[in-house]
Amino acid sequence: MKSLAELEEIRKRALEQISLRDDKEKIRVVVGMATCGIAAGARPVMNAFVEEINKRKLTNVSVTMTGCIGVCRLEPIVEVISPDGSKVTYVKMTPEKAVRVVTEHLVNGRVCADLTIGAYGQEG
Amino acid sequence: MKDLSLHLMDLLQNSIVAGADLIEITIAASARQDLLVIRIVDNGCGMEPELAERVDNPFVTTRDTRKVGLGIPLFKASANLAGGDLKIDSKPGRGTTVEATFRISHIDRLPLGDIAETITSMIAAHPEADMLIKLDNEKESFVLDTAGIKATLGEVPVTEYEVLCWLKDYLNEGVKKIFGGVLNEIAG
């Protein structure tokens, strides 16, 4: 059974780690989570981002949600917004593609061009 | 929507957009009455009665990206398909209550789905909003109050990965304890 005592232990451990972090400006990962996104599978995509970002120990990335981005047929849609405000829009995401975006884009700074809305437009 | 937890996610997102910072979620199953109730009570901006009456129409929405809003109509359709209904009670400035009912044994009732993942995703994306989650089976109940969790955590954010994992496990245990054997998709 999970207990509140366990939560207290987590708190103590987390406090030690938090003090080691620097306050670099954050990259924002925004997952479209309106009816269209949810029905298309946005929740597992968001979950994959949260898990992979933790696995890679990235402390300069926050994951959040937004409503309908406006291109429902391309959901699940994820926007990656850099501290300088530049934005990359990934479309038709899956948990597997999310893992790739974390590794290539968030860790190594290389945009996964083939997954972006621009690449999709050219194909279709 | 594939399951009820996805509908719940959609409705919670509505509450957040309405500016709610306290959302009460009740999921109550009564084997005796063959009835499952999902109720979402928020303290968001609420709706005028004219709007509240019409939001189950897919062509009524407040968003400006398009003229269709499917969240509530789809939830209502899922309830109706399973011998239930959906009711909305809303007051401007006070908040909105949405309640959907389902016949538990109805062949077309959607499975509950991953309630824990819905709740922890909402907490991760909207840590500023508090959620009070109540699960009930008439005999026993389970409560998770994120305000209490935040008080225990102090300066540690509720979005810490380890905290989210704990919340997910804790909720999963609650779902299993309360609905195991009551909802046939959840093993007792």
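Per chain, the residues get numbers from 1 upward, laid out in the order the sequence is written. Whichever chain is written first is A, and whichever ligand is written first is 1; the rest continue in order. Where totals are concerned, whole chains, interfaces and linings use all residues; where local detail is concerned, this predicted model gives features only for residues with pLDDT of at least 70, and gives and counts side-chain atom pairs only at 80 or more. As a rule here, side-chain values come from all non-hydrogen atoms in the structure, and water together with hydrogens is ignored.

**Some remarks on the overall build of chain A**
Cut-off, in case you're wondering: Strands are runs of DSSP state E lasting at least 2 residues, helices are runs of H or I lasting at least 4, and numbering of each runs from the N terminus. Accessibility here uses a 1.4 Å probe with only protein chains present; expressed as a share of the type maximum, an area under 20% marks a residue as buried, one over 50% as exposed, and anything in between as partly exposed. In what follows, a contact means two residues having at least one pair of non-hydrogen atoms within 4.5 Å.
On a plain count of helices and strands, chain A comes out with five helices and four strands. Each helix and strand of chain A, ordered N terminal to C terminal, gives the series α-β-α-α-β-β-β-α-α. For chain A, the spread of C-alpha atoms along the principal axes amounts to about 55 × 35 × 20 Å. In chain A, which comprises 124 residues, the proportion classed as buried is 44%. A separation threshold of at least 6 residues defines the contact pool for chain A, and within that pool the share at least 24 residues apart is 64%.

**What about the interface of chain A and chain B?**
We count it as follows: A 1.4 Å probe defines the accessible area here, and the buried area is the portion of it lost by two parts on being joined, summed over both. When a carboxyl oxygen of Asp or Glu lies within 4 Å of a side-chain nitrogen of Lys or Arg, that pair is called a salt bridge. Counted as a polar contact is a pair of N or O atoms within 3.5 Å, where, for protein atoms, one must be capable of donating a hydrogen and the other of accepting one, and residues adjacent in sequence contribute only when both atoms are in side chains.
Taken together, the 35 residues of chain A in the interface contact 37 residues of chain B. Taken together, both faces of the contact between chain A and chain B bury some 3,100 Å²; the carbon and sulfur share is 62%. On the chain A side of the contact with chain B, A:Lys2, A:Leu7 and A:Arg43 bury the most area, a combined 25% of that side's loss. The interface formed by chain A and chain B holds four salt bridges in total. The shortest N-O distance in the salt bridge between A:Arg13 and B:Glu162 comes to 2.5 Å. Applying the counting rule to chain A against chain B returns 13 residue pairs in polar contact (both at pLDDT 80 or more).

**A word on the nonpolar core**
Note the threshold: Put simply, buried Ala, Val, Leu, Ile, Met, Phe, Trp, Tyr and Cys residues joined by side-chain atoms within 4.5 Å make one nonpolar core.
Formed by 88 residues in total, the largest nonpolar core has its most connected members in A:Phe49 and B:Phe179. The element contributing the most residues to this core is helix α6 (residues 161-179) of chain B, with nine residues. Once residues within four sequence positions are removed from consideration, A:Phe49 is found in contact with A:Val29, A:Val63, A:Val78, A:Met93, A:Ala98, A:Val101 and A:Val102.

**What to know about helix α4 (residues 115-125) of chain B**
For α4(B), the buried fraction is high: eleven of the eleven residues fall into the buried class. Residues of α4(B) that are buried: B:Ile115, B:Ala116, B:Glu117, B:Thr118, B:Ile119, B:Thr120, B:Ser121, B:Met122, B:Ile123, B:Ala124 and B:Ala125.

**Comments concerning the sheet that holds strand β3 (residues 78-81) of chain A**
Residue and element names in this part refer to chain A. Cut-off, in case you're wondering: Two strands qualify as a pair provided DSSP detects at least 2 bridges between them. Every axis corresponds to a line fitted to the C-alpha atoms, with the helix fit spanning only the stretch in contact, and the corresponding angles, defined between N-to-C directions, vary from 0 to 180 degrees.
With mixed pairing, four strands are arranged side by side in an open sheet as β2-β1-β3-β4. With partners counted over all chains shown, the strands left at the sheet margins are β2 (61-66) and β4 (87-90), one partner each. Ignoring which end each strand starts from, the neighbouring axes of this sheet average 20° apart. Where strand β1 (residues 27-32) lies against β3, four bridges are found, and the strand directions are antiparallel. For Val31, the partnering residue across the bridge sits in β3 and is Val78.

**Some thoughts on the environment of B:Ile123**
Residues and elements named next belong to chain B. Along the chain, Ile123 falls in helix α4. Sequence separation between Ile123 and Val158 is 35 residues; the distance between their C-alpha atoms is 7.6 Å. The contact partners of Ile123, leaving out residues within four places of it in the chain, are Met131, Thr146, Val158, Thr159, Leu164 and Leu167.

**Examining the packing of aromatic side chains**
All names here are of chain B. Applicable threshold: Pairing of aromatic rings covers Phe, Tyr and Trp, the last counted by its six-membered ring, and requires centre-to-centre distances within 6.5 Å; plane angles under 30 degrees mean stacked, over 60 mean edge-to-face, and any other angle means tilted.
In the structure shown here, the tally under the stated rule is three aromatic pairs over all chains. Ring plane angle 50° and centroid distance 5.2 Å describe the contact between Phe142 and Tyr170, whose orientation is recorded as tilted. Residue Phe142 is found in strand β6 (residues 141-145), and its partner Tyr170 is found in helix α6; the two are separated by 28 residues along the sequence. Comparing Phe142 with Tyr170, the two get one shared label, buried. Here Trp166 and Tyr170 contribute two aromatic rings whose centre-to-centre distance is 4.7 Å and whose plane-to-plane angle is 15°, an arrangement assigned as stacked. With Trp166 and Tyr170 both in helix α6 and four residues apart, the pair spans about one turn of that helix. The same class applies to Trp166 as to Tyr170, namely buried.

**What to know about the environment of B:Lys134**
Residues and elements named next belong to chain B. Mapping Lys134 onto the fold places it in strand β5 (residues 130-136). Along the chain, Lys134 and Asn184 lie 50 residues apart, while their C-alpha atoms are 20 Å from each other. Those residues in contact with Lys134, other than ones at most four positions away along the chain, are Glu24, Ile25, Thr26, Ile27, Phe142 and Val143.

**Re the confidence of the model for chain B**
Just so we agree on the cut-off: The predictor's confidence in any single residue is recorded as pLDDT, a number from 0 to 100.
Averaged over every residue, the pLDDT of chain B is 94; residues scoring 70 or more account for 99%. Interface scoring of the predicted complex returns ipTM 0.88; its pTM is 0.92.

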